[in-house]
Amino acid sequence: MPSLGWKTLQIGDHVITGIPIFGEITVRKMLIEKMGVRQLVYYWFQTNRRVSADVNLNRLHLTYHALSRENTYDLFIRPITPLGPDEDPFAAETRLDGFTRTLMSSLTVFLTDNIFQVEPAR
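Note that this is a predicted model, so its numbers are computed, not measured. (Residues numbered from 1 in each chain as written. Predicted model: local features only at pLDDT ≥ 70, side-chain atom pairs only at ≥ 80, totals over all residues. Heavy atoms only, no water.)

> Give a detailed account of the environment of Gly5, specifying residues and quantitative values.
Within the fold, Gly5 resides in the segment before strand S1 (7-19). The partly exposed category is assigned to Gly5, whose relative accessible area is 44%. Residues Gly5 and Glu33, 28 residues apart in the sequence, show an inter-C-alpha distance of 8.6 Å. Look past the residues within four positions of Gly5 in its chain and what remains in contact with it is Glu33 and Lys34. (Helix = DSSP H or I, 4+ residues; strand = E, 2+ residues; numbered from the N terminus. Buried < 20%, exposed > 50% of the residue type's maximum accessible area, 1.4 Å probe, protein only. Contact = heavy atoms within 4.5 Å.)

> Explain the nonpolar core to me, and be specific about the residues and the numbers.
With 14 residues, the main nonpolar core has Ile16, Ile25, Val27, Leu40, Tyr42, Trp44 and Met104 as its most contacted residues. Only S1, strand S2 (23-34), strand S3 (37-46) and helix H2 (89-112) provide two or more residues apiece to this core. With four residues, H2 is the single largest residue contributor to this core. Met30, Ile32, Val41 and Tyr43 belong to the second-largest nonpolar core, a separate cluster that totals five residues. (Core = buried A, V, L, I, M, F, W, Y, C linked by side-chain atoms within 4.5 Å.)

Right, here's the structure in full:
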């Protein structure tokens, strides 16, 4: 997003609790700003069994999946919410945490149905 003119105001890890199957997940949290408009961004990498906010750890997971002849598919997930002009970032964080819980509830259906599994070549 920096290449699109967004300036990072804050960045760090953030733990979201109450996530189905996983219990809790750690995501990267960024507060960004462009021309007076602020947005809160979460992002993480998702495989069928793991959530990782660290790109290098994600690569390790994918390598393990490849070596164990499982799939090497992963998702990059990045929910974003705008902040009102005078909105406290904590309010946006609460909103985005709730959205992430709902998203993971829906995503879990696909993950547990093995949507990432590839049909063998015939």
